[in-house]
Amino acid sequence: MEQRFLDPKVLAGLGNLALTARTVVDGFISGLHRSPDFGFSQEFAEYRPYSLGDDLRYVDWNVFARTERAYLKRYRGETNTRLTILLDRSRSMGFQRGGVRKIDYARMAAASVAYLGHHQRDAVGVITFDDEVRDFVAPSSRHGQLPRVLHALERSEPGARTDFARPFHYFQEFLRWRGVVLVVSDFYAPPVDIVKTIAPLRHRGNDVILFHVLDPEEIEPKLGEPRLLVDMETGEQLEVAPEYAADFYQKRMAAHIAELKKEAEAAGLSYQLLQTDRPLDEALREYLIVRQGRL
Amino acid sequence: MGLLAPGFLAAFALLGLPLWLHLLKRHKSIPLEFSSLMLFERHAISSVKSRKLDYLILLALRLAVLALLALAFAQPFLERQGAAAGSGAVRLFVIDVSASMNAGDRLERARKDALQAIGAMKSGERGQVAYFDRQLHLVTQPVADPEALRAAVRAARAGDERSSYGELSKALRGYATTTKAPVEAHLFSDMQRSALPDGFSELSLGATTKLVLHKAGSRAEANFTVENVQAPRRLQDPAKARMEAIVAGFANDAATVPISLVVNGRVAATKPVAVPAKGKAKVEFIGLDVPYGWSRCEVRVEARDALAADDNFYFAVERSDPRKILFLYGPRAQRSVLYFQSALGAAAEAAFTVEAQSSSLAPQINPAAIAFVVLSDPGELNPGLEAALQAYVKGGGAVWIALGTSSSALRKVPVSGEAVKGSRFANRSGDRFFTLASADENYPSMRRANRWEGVRFFQTVSADPGEAKVVARLNDGTPILYEKRIGEGRVLVFASDFDNTASDFPLHASFVPFVEQTSRYLAGEEERAPLLAAGTAYELRAADARVSSVEVIAPDGSRALSLEESARVPAVIVEKRGFYEVNRGAGRQELVPVNIDRRESNLELIPEESLALWQGSGSEGAPGTAAAEEAETALRRQNFGLGFLWAALALAVVESLWSSRHLTMTKETA
């Protein structure tokens, strides 16, 4: 039942990122509730006065009846944290083979995480980039923050080439708060350089999660005949034989993924490979593990 | 170069099929966006250039296979160099040198016609000369030198052998196959009808052989011949010798022809013989005044006729004193000498004397001095004597063994070696005697012996004859008489004795011819004079016999065999008429008369229709006709169709292997 809500194709068909994110998160959480071993804590922590705009579902009505004052229940795990989503919107993220576009999948994953974080009272922000920072929504938990974040995600269309160096240099200057940094990208750069660029974020006390978004066709390309491949970012062309794609390229891709994971984990970064044909629960699960560890 | 079936070249249109397929499948570089080429290498494998090369190779292979198939079915051929019309043919000039060519001027006419035919050869044409009688003899190599051919023709001489057109046709078929070229065979012969084979199909020639007949005889001339002579080969009393000759006439009118008996070159008697037209007559001569030893005799036609070579019929006679039989008797068989000698003495002709000795004395065996040896119930023989007898038999001698009571205790029969089973006593059976049950009537010992009528055997010695020839058996199955060949000689075993102890045979009249005929047989006097025709084989030794050399002197005094052949060959071909001297060593010598095959005496010609049929059995018609040219053309052309077919098959295999490589990669990619 839960998978129906998490199938990327189905979700992409919703056409509404907010609805998509909500569908994903609700479905995910309902599944978590039925899994007592997951470890998601629902233990009551404290009351917080109700502010205009808060979700009325969390108002403790018993308390209101007694005190005629509205208080929200706060649970364990609801400790505020800052979630900054860094979304790669370079041209390569526009790749699609049969499933959903990587950028769409990345947006859905980012939106879901943002929704989940907002659901947990985290301050959520988003920065989109390609070779430059293209959009920026500072993390906040104020009313209306989530729509702003989702809107920023929605308008993120594949742009220029990938260049981690300049945006992340900016991030290092800009991200002065501690929290969770989620980098959603296809990471087409040497793993050592990627980790070297991103690792400083970790050094500032942030928990960094790398969501490596790839289309299955990028991992195991199936060329029935020789094709002239055109690099979506550089425009470079290369005629490739099916035998090469079936053998050598796949090995190189697997090695790239393994190396990136190894380098990331060695640098204390969390790594999760997200294939665009896989449900989004893996993304959310990874976020929760990291957030739970942070608490 | 040409094509036998050019229509199949239309199959070249099929070459468009692989071209079209390859064009369809030709790699079109349709651009395809890919997220990043960061992980792609500019590598030879990643490039499609190698695949393009593979495609080109595959295309070339497929085109080549189709092209080769089309060519294979079109049957391309190459003309052999120098193969102009008729220039590849060999002219074979075959001259009949059989005995009948001695008649009149037949040989001369044949030589003359052959020389004319050689003169008609074109420059550069190859010719070959052969003689033929009972087989074809190639005298020259295929040469373009007419003078060499003429010399061979001039050297042709008629021999004594008969002709055979069946053998000639067979040889020509083989010649055409070997030569691999059209053959134009010119036959210069008297076309004797008696040389035709029994079946006309034996005259068929190959499709590439053209037969041109040149008749050397124009008609069947009258001819007389002594067809056969019945005469004793050996005699002791010349006055009693009786010779009977058959005189035959061919294409003759009834005539009286003088016939002479010639002994050692001297006319002993002449008789006029009335020979009917195309018939036969018989003449008899009594008495033959010959010296001791071998004499060369002949019965001769004294009249002049077409063929003189067949006027003589040779026969050889050996005069000798009664020959000695060495009779060795065992300790209990002394009485058998009396019965044996009496039987020989009662014979019509006293051809033998008997020298009786006890077998214990171990006498010397002199093969030249004795006709054969009789062992009468010898018992255990002295080993030296037994060895000497075995050597004597192997060298061509004969031993007659009578097994009596002393022999029943032996383990094996002396000299011949069969196992002795023991005595059989008739008094233990119902009739109290055994009688003859079965016998080979044609065996010399059984002729004129009246099947041993009334003879009773009371005791016999049973031996296992093994591979020996059983001549007679008694009613209890005991082989009573059997012969075993050992080397050049033979051993005859009589499972009883010669006296009247074990049987009453000596008391019966049949005992005399039994002893006399057997003695003549073992002494070799049963042999009739061999009737050998020139060109046939005379047996010198049994195939498995290992004996000393046999020397053969031909009628002209030359050695008929080389030293090696004289020790090895089982037979000799007697090619000339006359007397061959055969020396077998140990003093054994004989004269072998050889005469012309009397089929050569009939000079009747083959009918024209038969000749025409024979000629037509080869390549039809004269040179230049369609069939002859077609056959000649077929020989000249070297067809490559099969070669192209094999090449197509080989390329198809390569194409399959090459394309399967791509099929494998395509499957892996999918």
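Refer to the preceding data block for the structure.
Residues numbered from 1 in each chain as written. Chains lettered and ligands numbered in written order. Predicted model: local features only at pLDDT ≥ 70, side-chain atom pairs only at ≥ 80, totals over all residues. Heavy atoms only, no water.

Trainee: Would you mind going over the packing of helix α6 (residues 334-345) of chain B against helix α8 (residues 511-523) of chain B with me for this structure?
Mentor: Any two packed helices are characterised by the angle at which their axes cross and by the distance between the axes. Residue and element names in this part refer to chain B. Running from N to C, α6 and α8 cross one another at 85 degrees; their axes reach a closest spacing of 8 Å. One finds that α6 runs roughly perpendicular with respect to α8. Between α6 and α8, the residues in contact are Y339, F340, A343 and L344 and F511, V512, V515, E516 and S519, respectively. A breakdown of the residues in the contact of α6 with α8 according to their chemical character gives seven nonpolar, one polar and one charged. (Axes fitted to C-alpha atoms, helices over the stretch in contact; angles between N-to-C directions. Helix = DSSP H or I, 4+ residues; strand = E, 2+ residues; numbered from the N terminus. Parallel < 35°, antiparallel > 145°, perpendicular 65-115°, else oblique. Contact = heavy atoms within 4.5 Å. Nonpolar A, V, L, I, M, F, W, Y, C, P; charged D, E, K, R; others polar.)

Trainee: Can you walk me through the packing of helix α8 (residues 191-203) of chain A against helix α10 (residues 242-266) of chain A in this structure?
Mentor: Residue and element names in this part refer to chain A. Where α8 contacts α10, the axes come no closer than 9 Å and their chain directions differ by 30 degrees. As summarised for this structure, α8 and α10 are arranged roughly parallel, according to the angle between their axes. Once α8 is placed against α10, the crossing between them reads as right-handed. For the pair α8 and α10, the contacting residues are P191, V192, I194 and V195 in the first and H256, E259, L260, E263 and A264 in the second. Looking at the contact of α8 with α10 residue by residue, the classes come out as six nonpolar, one polar and two charged. (Left-handed = near helix turned anticlockwise from the far one by under 90°.)

Trainee: For this particular structure, what's the right way to read unusual backbone geometry?
Mentor: What you tend to see is this: most non-glycine residues have negative phi, and most peptide bonds are trans. Residue and element names in this part refer to chain B. Of note, the phi angle at A251 is positive, near 55 degrees, even though the residue is not glycine. Tracing the backbone shows A251 in the loop between β11 (242-250) and β12 (255-263). Although it is not a glycine, R451 adopts a positive phi angle of roughly 50 degrees. Looking at where R451 falls in the secondary structure, it is placed in the loop between β22 (436-439) and β23 (459-463). Using a relative accessible area of 34% as the deciding quantity, one classes R451 as partly exposed. (Buried < 20%, exposed > 50% of the residue type's maximum accessible area, 1.4 Å probe, protein only.)

Trainee: For this particular structure, what's the right way to read the interface of chain B and chain A?
Mentor: Interface size is commonly expressed as the accessible area that is lost once the parts come together. Each partner contributes to the interface: chain B provides 25 residues, whereas chain A provides 37 residues. Taken over both partners, the interface formed by chain B and chain A buries close to 3200 Å², and the fraction arising from carbon and sulfur atoms is 63%. Sorting the residues of chain B by area buried against chain A places F34, S35 and L39 of chain B first, and these three jointly supply 22% of that buried surface. At the boundary of chain B and chain A, one finds zero salt bridges. Linking chain B with chain A are nine residue pairs in polar contact (both at pLDDT 80 or more), by the criterion used here. Here the side of chain B that touches chain A gets four residues from one element, more than from any other, and that element is strand β2 (residues 31-34) of chain B. Along the lines of polarity and charge, the residues of the side of chain B that touches chain A split into 12 nonpolar, eight polar and five charged. Two elements, strand β8 (residues 227-231) of chain A and β2 of chain B, share four bridges in a ladder whose sense is parallel. (Buried area = accessible area lost by both parts, 1.4 Å probe. Salt bridge = Lys/Arg side-chain N within 4 Å of Asp/Glu carboxyl O. Polar contact = N/O pair within 3.5 Å; in protein donor to acceptor, adjacent residues only side chain to side chain. Pairing = 2+ DSSP bridges.)

Trainee: Looking at this model, I keep getting lost on the nonpolar core. Mind explaining?
Mentor: Ranked by size, the top nonpolar core spans 69 residues in total, and within it F340, F372, W400, W452, I480 and F494 of chain B carry the most contacts. In this view, I480 of chain B contacts L436, W452, F457, T460, A472, R473, L474, V493, F494, A495 and S496 of chain B; residues no more than four positions away in its chain are not counted. Core analysis: the second largest hydrophobic core is formed by 43 residues, L17, Y105, A106 and V137 of chain A among them. (Core = buried A, V, L, I, M, F, W, Y, C linked by side-chain atoms within 4.5 Å.)

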